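Fold and geometry: a report
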Amino acid sequence: MKSFKVDKSICVGCGACVQACPYNAIKIEKDGKSFIDQEKCKKCGECKKICPLNAIKELGK
Ligand code: SF4
Ligand code: SF4
């Protein structure tokens, strides 16, 4: 099953993905990087499309 994950080594915490997620599944954590709640994520791919650094990876296609 596919999933979307943030590569924290790339993410700069800009928040674009947080704004873009229609399901409110992403937040910026205390480390300043974004994190996807896998229980809320509907796998629409909007976050991956919007990230300027391509820090969100689609896994398990
Ligand atoms: S859009 Fe990309 S760089 Fe910005 S917070 Fe989200 S994952 Fe990080
Ligand atoms: S894939 Fe869609 S639902 Fe999941 S975190 Fe990204 S924007 Fe939100």
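A brief structural summary. (Residues numbered from 1 in each chain as written. Chains lettered and ligands numbered in written order. Predicted model: local features only at pLDDT ≥ 70, side-chain atom pairs only at ≥ 80, totals over all residues. Heavy atoms only, no water.)

1. Quick word on the overall build of the protein
The number of helices and strands found in the protein is two helices and four strands. Each helix and strand of the protein, placed in order from N terminus to C terminus, yields the pattern β-α-β-β-α-β. The C-alpha extent of the protein, read off along each of the three principal axes, is 25 × 20 × 20 Å. A total of 61 residues make up the protein; the buried ones form 30% of that total. Of the contacts made within the protein by residues no fewer than 6 positions apart, 56% connect residues no fewer than 24 positions apart. With an accessible surface of roughly 4000 Å², the protein has 53% of that area assigned to carbon and sulfur atoms. Charge-centre separation for the protein: the mean point of 13 positive side chains lies 2 Å from the mean point of 7 negative side chains. (Helix = DSSP H or I, 4+ residues; strand = E, 2+ residues; numbered from the N terminus. Buried < 20%, exposed > 50% of the residue type's maximum accessible area, 1.4 Å probe, protein only. Contact = heavy atoms within 4.5 Å. Areas by Shrake-Rupley, 256 points an atom, 1.4 Å probe, with all protein chains shown as cover. Lys, Arg positive; Asp, Glu negative; His and termini not counted. Charge placed at Lys NZ, Arg CZ, Asp CG, Glu CD.)

2. Some words on the site of ligand 1
Ligand 1 sits among Cys-11, Val-12, Gly-13, Cys-14, Gly-15, Ala-16, Cys-17, Ser-34, Cys-51, Pro-52, Ala-55 and Ile-56. A majority-of-atoms criterion places ligand 1 in the largest cavity. Broken down by class, the residue content of the shell around ligand 1 amounts to nine nonpolar, three polar and no charged. (Near = heavy atom within 4 Å. 1 Å grid on protein atoms, 1.4 Å probe; cavity = no way out; pocket = protein on both sides within 12 Å on 5 of 7 lines; lining within 4 Å. Sits in = over half its atoms within 2 Å of the grid points. Nonpolar A, V, L, I, M, F, W, Y, C, P; charged D, E, K, R; others polar.)

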